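# Overview (structure and organization)
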Amino acid sequence: MKLSLVTLVGTKVDEEVYSLSIPTIDGEISVFPSHEPLVTIARDGVITVRRRKEDSDSQLEYFAISGGVVKIDYSSVQILVDEADHGDDIIEAETQKALERAIKARDEAGDQVEREKAKQLIDRHMVRLKVADLHRRKRRR
């Protein structure tokens, strides 16, 4: 099936894949060829992509995404998000420092709006660290 992963700055993936897992507001869903049509909301999390049926788990690819929209039909999946970072694109040390700054901002927030913004940043950086960790483990195999 055709996967299109599109961000505000351009297309991250536009190719044939065998399956993928997507974090949605209703929970994580797995999508395979001939999936029933569906439109749903993606939440911040990790997209897992298996490019070919015979690919082993060590060949999976991971993307950290911010929320967005998912449209699935029998032969394609379109995912539109603000950001999507491949494991290769994430620098763990920088992301860890950004997470620490977000935690400090949350702890020092003067009102609920500032706390919520900081919480969103914390969630984003934690997802990015998870993808970086998955990518690092994959490289070790």
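Use the structure listed above.
In what follows, the accompanying structure is described.

### So, a nonpolar patch on the surface
Taken together, I25, V39, I41, V69 and L80 make up a surface patch of nonpolar side chains, about 450 Å² in accessible area. Within the element layout of this structure, V39 appears in strand β5 (residues 38-42). When its relative accessible area of 61% is taken as the criterion, V39 is described as exposed.

### Thoughts on helix α1 (residues 92-107)
For α1, spanning 16 residues, the distance from its first C-alpha to its last is 22 Å, which sits close to the expected 22 Å at 1.5 Å a residue. Every buried residue of α1 is listed here: T95, A98, L99 and A102. Buried residues of α1, viewed axially, fall in a sector of 105°; they line one side. Residues of α1 that are exposed and point more than 90 degrees away from the buried face comprise K97, R101, K104 and D107.

### Some remarks on unusual backbone geometry
Of note, the phi angle at S34 is positive, near 70°, even though the residue is not glycine. Residue placement: S34 occurs in the loop between β4 (27-31) and β5. Residue class for S34 comes out exposed when judged on its relative accessible area of 56%.

### What to know about the environment of D82
Its location among the elements puts D82 in the loop between β9 (76-81) and β10 (84-86). Classification of D82 by relative accessible area gives partly exposed; the value is 46%. Between the C-alpha atoms of D82 and D57, which are 25 residues apart in sequence, the distance is 27 Å. The contacts of D82, once residues within four sequence positions are left out, are T7, L8, S66 and G67.

### Topic: the nonpolar core
With 19 residues, the main nonpolar core has L3, L5, L20, I47, V77 and I79 as its most contacted residues. Where this core is concerned, the elements lending two or more residues are β1 (2-7), β3 (19-24), β6 (45-50), β7 (61-65), β8 (68-72) and β9. Ranked by residues supplied to this core, first place goes to β9 with three residues. What L3 contacts, discounting residues up to four positions off in sequence, is V13, D14, E15, V17, L20, V49, V77 and I79. V46, I90, V131 and A132 belong to the second-largest nonpolar core, a separate cluster that totals eight residues.

### Overview of empty space enclosed by the protein
Counting across every chain of the model gives one cavity of 30 Å³ or more. As for the largest cavity, its lining consists of D44, A64, I65, S66, E83, D85, R124, V127 and R128. Sorting elements by how many residues they give to the lining of the largest cavity places helix α2 (residues 112-140) first, with three residues.

Procedures and definitions
- Residues numbered from 1 in each chain as written.
- Predicted model: local features only at pLDDT ≥ 70, side-chain atom pairs only at ≥ 80, totals over all residues.
- Heavy atoms only, no water.
- Patch = residues over 30% accessible without salt bridge, like charges linked within 9 Å, V, L, I, M, F, W, Y side chains within 5 Å.
- Areas by Shrake-Rupley, 256 points an atom, 1.4 Å probe, with all protein chains shown as cover.
- Salt bridge = Lys/Arg side-chain N within 4 Å of Asp/Glu carboxyl O.
- Helix = DSSP H or I, 4+ residues; strand = E, 2+ residues; numbered from the N terminus.
- Buried < 20%, exposed > 50% of the residue type's maximum accessible area, 1.4 Å probe, protein only.
- Expected span 1.5 Å × (residues − 1).
- Arc of directions from axis to C-beta.
- Contact = heavy atoms within 4.5 Å.
- Core = buried A, V, L, I, M, F, W, Y, C linked by side-chain atoms within 4.5 Å.
- 1 Å grid on protein atoms, 1.4 Å probe; cavity = no way out; pocket = protein on both sides within 12 Å on 5 of 7 lines; lining within 4 Å.
- Points joined across faces, edges and corners; volume = space filled by probe spheres on them.

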